[in-house]
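Structure at a glance
Listed here are the chains, written in short residue letters.
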Amino acid sequence: MLITIEGIDGSGKSSLHSSLGIMLQHLSPVMTREPGATWIGDQVRRAIAEDADPIAEALLFVADHAAHLSEVVRPALAEGKLIISDRYLDSRFAYQQASLAGSVPDPVLWLKQVHGGWTIMPDMTFLLVLPVDVALSRTQKRRQTEHFEKAEILTRVQENYLQRAGEDPGRFVLVDGTLSEETVREFVAGEIIRRYSPK
């Protein structure tokens with residue numbers, strides 16, 4: 001089973017992901033993330049830090065996704081394992097749809113075509129939703145911020161996430177990102193335990 005955790009920067013998804021690895025130890029989950037599970041992830045982070053060309057950046061994200069599928073996701077699914085990924089396919093459609101505006105005529109179509117025929121859709125996606133100003137108040141505590149971490153960009157990104165959730169309500173579970181970390185992790189862990197059936 002492939003579970004993904006999504007949300008804008010500052011939503012608490014990475015903290016949730018870390019907590020789930022501990023809370024669900026008895027299920028022996030494969031804890032992974034995008035970007036970063038492969039060597040290409042290092043190049044993605046460099047592109048973000050250097051504010052690279054939007055198309056180049058998007059293609060690096062796609063390359064990282066392909067390597068992630070090949071090296072982590074497909075082998076784990078073949079063994080019947082539970083996979084929990086901090087960011088995955090939906091991040092590309094949420095973030096790159098915003099960053100590609102003005103660079104390609106139809107960012108959504110471009111993204112669909114570049115992923116067409118080879119990606120794997122998650123079985124369940126937890127989307128942390130919260131006011132953008134609350135998210136930014138959290139990211140401003142970090143030493144370094146990314147070019148995505150601006151109110152107007154994160155507003156568009158969250159709108160893109162919610163649009164995808166509306167198009168696929170059977171897969172998405174919306175979670176109030178303003179709730180306490182304990183409340184969020186207990187709810188999400190409970191939902192995963194309820195739905196996951198090991199082979």
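This text follows the structure it describes.
Cut-offs used in this document
Residues numbered from 1 in each chain as written. Predicted model: local features only at pLDDT ≥ 70, side-chain atom pairs only at ≥ 80, totals over all residues. Heavy atoms only, no water. Helix = DSSP H or I, 4+ residues; strand = E, 2+ residues; numbered from the N terminus. Buried < 20%, exposed > 50% of the residue type's maximum accessible area, 1.4 Å probe, protein only. Contact = heavy atoms within 4.5 Å. Areas by Shrake-Rupley, 256 points an atom, 1.4 Å probe, with all protein chains shown as cover. Lys, Arg positive; Asp, Glu negative; His and termini not counted. Charge placed at Lys NZ, Arg CZ, Asp CG, Glu CD. Phe/Tyr/Trp six-rings, centres within 6.5 Å; stacked < 30°, edge-to-face > 60°. Lys NZ or Arg CZ within 6 Å of the ring centre and 35° of its normal. Expected span 1.5 Å × (residues − 1). Bend = angle between axes of the 7 residues up to and from the residue. Polar contact = N/O pair within 3.5 Å; in protein donor to acceptor, adjacent residues only side chain to side chain. Salt bridge = Lys/Arg side-chain N within 4 Å of Asp/Glu carboxyl O. Core = buried A, V, L, I, M, F, W, Y, C linked by side-chain atoms within 4.5 Å.

The helix and strand tally for the protein chain stands at 8 helices and 5 strands. Helices and strands appear in the protein chain in the N-to-C order β-α-β-α-α-β-α-α-β-α-α-β-α. With respect to the principal axes defined by its C-alpha atoms, the protein chain has extents near 45 × 35 × 35 Å. Looking at the 199 residues of the protein chain, the share that counts as buried comes to 48%. For the protein chain, long-range pairs separated by at least 24 residues make up 78% of all intrachain contacts whose partners lie at least 6 apart in sequence. Carbon and sulfur atoms make up 52% of the accessible area of the protein chain, which totals about 9600 Å². With 21 positive and 27 negative side-chain charges, the protein chain shows a spacing of 3 Å between the two charge centroids.

Take the packing of aromatic side chains next. Overall, the coordinates contain 1 aromatic pair when judged by the stated rule. The interplanar angle of 85° and the centroid separation of 6.4 Å between the aromatic rings of tyrosine 95 and tyrosine 161 together place this pair among those described as edge-to-face. Of the two residues, tyrosine 95 is situated in helix H4 (residues 89-99) and tyrosine 161 in helix H7 (residues 151-167); the sequence distance between them amounts to 66 residues. Given the relative accessible area of 1%, tyrosine 161 is considered buried. Positioned over the ring face of phenylalanine 93 is arginine 164, at 4.1 Å from the centre of the ring.

The next point concerns helix H3 (residues 54-78). The first and last C-alpha atoms of H3 sit 34 Å apart over 25 residues, in line with the 36 Å expected at 1.5 Å per residue. At leucine 69, H3 shows its largest kink, close to 45°. Listed as buried for H3 are Glu57, Ala58, Phe61, Val62, Asp64, His65, Ala67, His68, Leu69, Val72, Val73 and Ala76. At its buried positions, H3 is contacted by strand S1 (2-7), strand S2 (30-33), helix H2 (39-49), strand S3 (83-86), H4 and helix H5 (107-115). Where H3 begins, the side chain of aspartate 53 points an oxygen toward the backbone nitrogen of isoleucine 55, at a separation of 3.0 Å. Of the residues one or two after H3, glycine 80 is the one with positive phi, at around 75°.

Let us look at the pattern of salt bridges. Between side chains of opposite charge, a pair can form as their charged atoms come close. Considering all chains together, one arrives at 12 salt bridges under this definition. The shortest N-O distance in the salt bridge between arginine 171 and aspartate 168 comes to 2.8 Å. Taking relative accessible area as the criterion, arginine 171 reaches 5% and is therefore assigned buried. We classify aspartate 168 as partly exposed; its relative accessible area is 27%. Here glutamate 191 ties to arginine 194 by a salt bridge, and the two come within 2.9 Å at their closest N and O atoms. Note that glutamate 191 and arginine 194 are positioned in helix H8 (residues 181-195) at a spacing of 3 residues, about one turn of the helix. For arginine 194, a relative accessible area of 57% gives the class exposed. Residues participating in the shared-partner salt-bridge network are Asp90, Arg164, Asp168 and Arg171.

Our next topic: the nonpolar core. Residues Ile8, Tyr95, Leu154, Val157 and Tyr161 are the most contacted members of the largest nonpolar core, which totals 21 residues. Element by element, the count of residues in this core is highest for H7, at 5 residues. In this structure tyrosine 95 touches Gly7, Ile8, Asp9, Arg87, Phe148, Leu154, Val157 and Tyr161, once residues within four positions along its chain are discounted. In terms of nonpolar packing, the next biggest core, distinct from the first, is built from 18 residues, Leu20, Met124, Leu128 and Val175 among them.

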